[in-house]
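Chain residues, written in single-letter form:
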Amino acid sequence: MTHSLILKISAVIAAIFGVALIFAPNELLAMYKAASMNSPGVYNSMLYGSSLIGFAFMNWAASNEPSIADVRYVLLGNLVGTGVGFLVTIIRQLTNVEAVPAGWVNVAIFFVLASLFAYLYFGKLPKRAGVAALRGG
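This part covers the environment of phenylalanine 57. Within the secondary structure, phenylalanine 57 sits in helix H3 (residues 39-62). Owing to a relative accessible area of 64%, phenylalanine 57 belongs among the exposed residues under this scheme. For the pair phenylalanine 57 and alanine 14, spaced 43 residues apart in the sequence, the C-alpha separation amounts to 9.1 Å.

What follows covers H3. Helix length check: H3, at 24 residues, gives a terminal C-alpha distance of 35 Å against a target of 34 Å (1.5 Å per residue), a fit within 8%. Taken together, the buried positions of H3 are occupied by Gly41, Val42, Ser45, Gly49, Leu52, Ala56, Asn59 and Ala62. Along its buried surface, H3 packs onto helix H1 (3-23), helix H2 (25-31) and helix H4 (72-95).

Glancing now at H1. With 21 residues, H1 should reach 30 Å at 1.5 Å per residue; the first-to-last C-alpha distance of 30 Å fits that figure. Residues of H1 that are buried: His3, Ser4, Ile6, Leu7, Ser10, Ala11, Ala14, Gly18 and Leu21. All buried residues of H1 fall inside an arc of 150 degrees around its axis, so they share one side. The exposed residues of H1 that point more than 90 degrees off its buried face are Ile16 and Phe23.

Moving on: the confidence of the model for the protein. Across the protein, pLDDT averages 93, with 93% of residues at or above 70. Within the protein, no element has a lower average pLDDT than helix H6 (residues 131-134), which sits at 55, and none a higher one than H1, at 98.

Moving on to the side chain of serine 10. Looking at the secondary structure, you find serine 10 in helix H1. Among the polar contacts listed, one links the side chain of serine 10 to the side chain of asparagine 59, at a separation of 3.1 Å. Setting aside chain neighbours within four positions, we find serine 10 in contact with Asn59, Asn78, Leu113 and Phe117.

Conventions used here
- Residues numbered from 1 in each chain as written.
- Predicted model: local features only at pLDDT ≥ 70, side-chain atom pairs only at ≥ 80, totals over all residues.
- Heavy atoms only, no water.
- Helix = DSSP H or I, 4+ residues; strand = E, 2+ residues; numbered from the N terminus.
- Buried < 20%, exposed > 50% of the residue type's maximum accessible area, 1.4 Å probe, protein only.
- Expected span 1.5 Å × (residues − 1).
- Contact = heavy atoms within 4.5 Å.
- Arc of directions from axis to C-beta.
- pLDDT = per-residue confidence, 0-100.
- Polar contact = N/O pair within 3.5 Å; in protein donor to acceptor, adjacent residues only side chain to side chain.

So this is what it looks like as structure tokens:
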């Protein structure tokens, strides 16, 4: 898979969830058979949705870069974000008695995206641009 395709897939997923969280957060939760949120929960979901829209635009724009080395920091940001998202979702699914079975969809989404971004960042970037960036070089 190319960096362009992975970034576009991530952009589409982020845009879908972002729009849903901005305009219909409780309806999205209902699809998961989860309880509705109160006003502060809706507000925070809308803020998260706006961040997802920002990631969608960033990833779509970065997908047009011909060289993977030119998007290394976009890949790093996506790797960290999806990696932490995976940890949060799997811990919640395994430890929270109120976690709904449909929450495993989120675990799967974050796992797949984190794996794809790790594949690009550690496997496809030139060595100088990939691992060295983690060390600040």
